[in-house]
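Take a look at the letters that make up each chain.
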Amino acid sequence: MNIYVDSRVSDETRRMRLYQGSIFSYSPSPSALRLCRFAQELIEEAFSPLDPLRVHETLPAEKCAEILSTLKPRFIHHPQSKKFIQGMLAELGCDLERTYFDVPRMRTAYPGDYLNSGIAYAFHPHRDTWYSAPLCQINWWMPIYDLVPDNCMAFHPRYWNRAVKNGSNGYNYHRWNLESRYNAAQHVKGDTRVQPRPEEEIEVEPQLRIIGEVGGPFLFSAAQLHSTVPNTAGVPRYSIDFRTVHLDDVLGKIGAANVDSACTGTTMGDYLRGTDFSHLPADALALYQDGSELQYAMSSQPPQAPVAAGTAR
Ligand SMILES: [Fe+2]
């Protein structure tokens, strides 16, 4: 695994290297910093008068989950968030005409077992491709506040080329959306939703943790095995992540190798073009659809926008 730091290679070269298992890390860019600052403002407002980095000391977990269930969708769907993502992509060399992104997620990881399911789910080792993400998906991740090694996310690089026995064959993104996505806030102390998990012992060491600065993203393939690091830092972690796909790779079915994913459905319908937020063209979507998107079509609009897709860290 190679880690590129502030690389100046083209976006196309970067994508090909990401698909081969490399990771790209960048210093903070102006729009990324604005996005983090915006997130900080929303977080601080939501928890006021408490310090968001100390809420676990005094706030009941149920109350925290309630606050997050409003805060997270507010950030995710705020027009300002999308604007900053546009700026960030342009600053890091993406062609906005051909790059599609999904809305940015806000993730939280609280110390100990304060709140680590449902709305703040702590992720076991997984590949996003087990959750119906395409093999050309690139994940972008950055911290909102200063990160330390004991409250971040980890890669498990020995599994890049190595298949893991897993439950992805029981996962369908459209069914997940229909059945459980809108109920995440109810899973405060235990999460009973069926998710693709490793079905063999994972050797979590050696693992790689990238400790970037606020507004400094790193990029990795959706096929990387990664997990939430159990938070033993005593301080919550708040982070942002979002995903991109490039139209050329979508159309050409270019991406990482599929070593062990067997899920159905696709997240391809979620991505929005960098220029005008339009969805991928129908012919591009059709390449990834298997009919399950119709089988599990929403019968009615949910009362509240979705909080998070199934592939957080
Ligand atoms: Fe993930």
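Residues numbered from 1 in each chain as written. Predicted model: local features only at pLDDT ≥ 70, side-chain atom pairs only at ≥ 80, totals over all residues. Heavy atoms only, no water.

Caption draft 1: Molecular detail of the nonpolar core. Residues Phe47, Tyr110, Trp140, Ile240, Met268 and Leu280 are the most contacted members of the largest nonpolar core, which totals 53 residues. Take this core: its biggest share by element is 8 residues, from helix H2 (residues 30-47). Apart from residues no more than four positions distant in its own chain, Phe47 is found in contact with Pro52, Val55, Leu59, Cys64, Ile67, Leu68, Leu71, Tyr110 and Tyr238. Ranked by size, the runner-up nonpolar core spans 12 residues in total, among them Trp141, Cys152, Ala154 and Phe218. (Core = buried A, V, L, I, M, F, W, Y, C linked by side-chain atoms within 4.5 Å. Buried < 20%, exposed > 50% of the residue type's maximum accessible area, 1.4 Å probe, protein only. Helix = DSSP H or I, 4+ residues; strand = E, 2+ residues; numbered from the N terminus. Contact = heavy atoms within 4.5 Å.)

Caption draft 2: The pattern of salt bridges, seen in detail. Evaluated as defined, the whole model comprises 17 salt bridges. Salt bridges linked by common partners bring Asp11, Arg14, Arg15 and Asp249 together as one network. (Salt bridge = Lys/Arg side-chain N within 4 Å of Asp/Glu carboxyl O.)

Caption draft 3: Focus on the environment of Gly274. Locating Gly274 in the fold gives a position in the loop between strand E10 (272-273) and helix H8 (282-286). The class of Gly274 is buried, set by a relative accessible area of 1%. Measuring from C-alpha to C-alpha, the distance between Gly274 and Ala90 comes to 8.9 Å, with 184 residues separating the pair along the chain.

Caption draft 4: Focus on the environment of Ala233. If you trace the backbone, Ala233 turns up in the loop between strand E8 (226-228) and strand E9 (237-246). Between the alpha carbons of Ala233 and Pro111 there is a distance of 6.6 Å; along the sequence they are 122 residues apart. When neighbours within four sequence positions are excluded, Ala233 is seen to be in contact with Val148, Asp150 and Asn151.

Caption draft 5: Expanded view of the packing of aromatic side chains. Counted under the stated rule, the structure contains 14 aromatic pairs. Geometrically, the ring pair formed by Tyr4 and Phe24 is stacked, given 4.3 Å between the ring centres and 5° between the ring planes. Taken as a pair, Tyr4 in strand E1 (residues 3-5) and Phe24 in strand E2 (residues 23-25) lie far apart in primary sequence, 20 residues in all. The partly exposed category is assigned to Tyr4, whose relative accessible area is 22%. Residue Phe24 is classed as buried on the basis of its relative accessible area of 0%. Between Phe218 and Phe220, the ring centres sit 6.1 Å apart and the planes meet at 35°, which makes this aromatic pair tilted. (Phe/Tyr/Trp six-rings, centres within 6.5 Å; stacked < 30°, edge-to-face > 60°.)

Caption draft 6: Fine view of a nonpolar patch on the surface. A contiguous nonpolar surface patch, about 280 Å² in accessible area, is contributed by Met1, Ile3 and Val5. What makes Met1 partly exposed here is its relative accessible area of 44%. (Patch = residues over 30% accessible without salt bridge, like charges linked within 9 Å, V, L, I, M, F, W, Y side chains within 5 Å. Areas by Shrake-Rupley, 256 points an atom, 1.4 Å probe, with all protein chains shown as cover.)

Caption draft 7: Broad picture of the pairing of strand E7 (residues 218-221). Of the two faces of E7, the one lined by Phe218 and Phe220 and the one lined by Leu219 and Ser221 are each fully buried. Bridging between strand E5 (residues 138-143) and E7 involves 4 bridges; their strand directions are antiparallel. Opposite Asn139, over in E7, you have Phe220 as the bridge partner. (Pairing = 2+ DSSP bridges.)

Caption draft 8: Structural detail: the packing of H2 against helix H4 (residues 61-77). Running from N to C, H2 and H4 cross one another at 145°; their axes reach a closest spacing of 10 Å. Crossing of H2 against H4: the hand is right-handed. On H4, the residues that touch Leu35, Phe38, Ala39, Leu42, Ile43, Glu45, Ala46 and Phe47 of H2 are Cys64, Ile67, Leu68, Leu71, Arg74 and Phe75. Considered class by class, the residues forming the contact of H2 with H4 number 12 nonpolar, no polar and 2 charged. (Axes fitted to C-alpha atoms, helices over the stretch in contact; angles between N-to-C directions. Left-handed = near helix turned anticlockwise from the far one by under 90°. Nonpolar A, V, L, I, M, F, W, Y, C, P; charged D, E, K, R; others polar.)

Caption draft 9: Region of interest: the packing of H2 against helix H5 (residues 79-91). Following both chains from N to C, one finds H2 and H5 inclined at 155°, their axes separated by 7 Å at the closest point. By the angle class used here, H2 and H5 are roughly antiparallel. Crossing angle aside, the handedness with which H2 passes H5 is left-handed. Contact residues: Pro30, Ser31, Ala32, Arg34, Leu35 and Phe38 in H2; Gln80, Ser81, Phe84, Ile85, Gly87, Met88 and Glu91 in H5. (Parallel < 35°, antiparallel > 145°, perpendicular 65-115°, else oblique.)

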